[in-house]
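Given next are the chains, with one letter for each unit.
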Amino acid sequence: MNIIEGDFATPKGRFAIVAGRFNSFVVDPLVAGARDVLVRHGVADDAIDLIRVPGAWEIGLAAHKIAQSGKYAAVIGLGAVIRGSTPHFDYVAGEAAKGLAQAAYVSGVPVLFGVLTTDSIEQAIERAGTKAGNKGADAAMVALEMVNLYAKLGS
């Protein structure tokens, strides 16, 4: 059996990070984690573009446009949606996930979901670099692996 999988070798191409400004106290450490992983794996800092959008709702739309541009090897969506006392959380979190998934399917470019969807501020902070690791860094690792997998698959 021939096994084909991605790896963490230095990939070719540019990377886009699309980050929501809302809940920036959580999102900024996610961005720093993603950037750190990319740079540590050989991606030049000037080959990383940070695109800021108002919030998680807008990440998918921006990711779609960016992925369709053909300029990027991968797009990493980063944001934070923290549950409140209204159903607003469900709409925003669901549309962020759907938007990023659609951007990936339509463009054929790896588009990663690094949007935290938590029940509390504490959970969000834990996932932005404290107890539960940094989910921005995790999304960047997946981006590296998927870019290298796509290269092996010839797409």
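Right above here is the structure, for reference.
Summary of the structure given here.

1. Some remarks on the sheet that holds strand E4 (residues 111-118)
Logical step 1: Taken in spatial order, the 4 strands make up an open sheet running E2-E1-E3-E4, and their pairing is parallel. Each end of this open sheet is capped by a strand with a single partner; those strands are strand E2 (48-53) and E4. Across this sheet, the average inter-strand angle for adjacent strands is 15°, counted without regard to direction.
Logical step 2: In terms of strand pairing, strand E3 (residues 72-82) meets E4 through 8 bridges, oriented parallel. Within the sheet, the bridge partner assigned to Gly79 lies in E4 and is Val115.
Logical step 3: Running at roughly 155° to E3, helix H1 (residues 24-40) makes contact with strand E1 (14-20), E2, E3 and E4 of the sheet.
Logical step 4: Along the sheet face, helix H2 (residues 56-68) touches E1, E2, E3 and E4 and points at about 175° away from the line of E3.

2. Here we look at the pattern of salt bridges
Think of it this way: side chains of opposite charge can pair up when their charged atoms draw near.
Logical step 1: The full count for this structure, using the stated rule, is 11 salt bridges.
Logical step 2: Residue Arg14 is joined to Asp49 by a salt bridge in which the shortest nitrogen-to-oxygen separation is 2.7 Å. With Arg14 in strand E1 and Asp49 in strand E2, this pair connects stretches of sequence that are 35 residues apart.
Logical step 3: With a relative accessible area of 23%, Asp49 lands in the partly exposed category.

3. Digging into a nonpolar patch on the surface
Logical step 1: A cluster of nonpolar side chains, contributed by Phe25, Ile121 and Ile125, occupies part of the molecular surface with about 270 Å² of accessible area.
Logical step 2: Along the chain, Ile121 falls in helix H4 (residues 121-127).

4. Here's the deal with the environment of Ala93
Logical step 1: For Ala93, the position within the fold is in helix H3 (residues 88-107).
Logical step 2: Given a relative accessible area of 11%, Ala93 falls into the buried group.
Logical step 3: Put simply, Ala93 and Met141 are 48 residues apart on the chain and 22 Å apart in space, counted from C-alpha to C-alpha.
Logical step 4: In this view, Ala93 contacts Val81 and Thr117; residues no more than four positions away in its chain are not counted.

5. A short note on H1
Logical step 1: Taking 1.5 Å of rise per residue, 17 residues should cover 24 Å, and H1 covers 24 Å from first to last C-alpha, within 8% of that figure.
Logical step 2: Gly42, located one to two residues past H1, shows a positive phi value of around 95°.

Criteria and thresholds
- Residues numbered from 1 in each chain as written.
- Predicted model: local features only at pLDDT ≥ 70, side-chain atom pairs only at ≥ 80, totals over all residues.
- Heavy atoms only, no water.
- Pairing = 2+ DSSP bridges.
- Helix = DSSP H or I, 4+ residues; strand = E, 2+ residues; numbered from the N terminus.
- Axes fitted to C-alpha atoms, helices over the stretch in contact; angles between N-to-C directions.
- Contact = heavy atoms within 4.5 Å.
- Salt bridge = Lys/Arg side-chain N within 4 Å of Asp/Glu carboxyl O.
- Buried < 20%, exposed > 50% of the residue type's maximum accessible area, 1.4 Å probe, protein only.
- Patch = residues over 30% accessible without salt bridge, like charges linked within 9 Å, V, L, I, M, F, W, Y side chains within 5 Å.
- Areas by Shrake-Rupley, 256 points an atom, 1.4 Å probe, with all protein chains shown as cover.
- Expected span 1.5 Å × (residues − 1).

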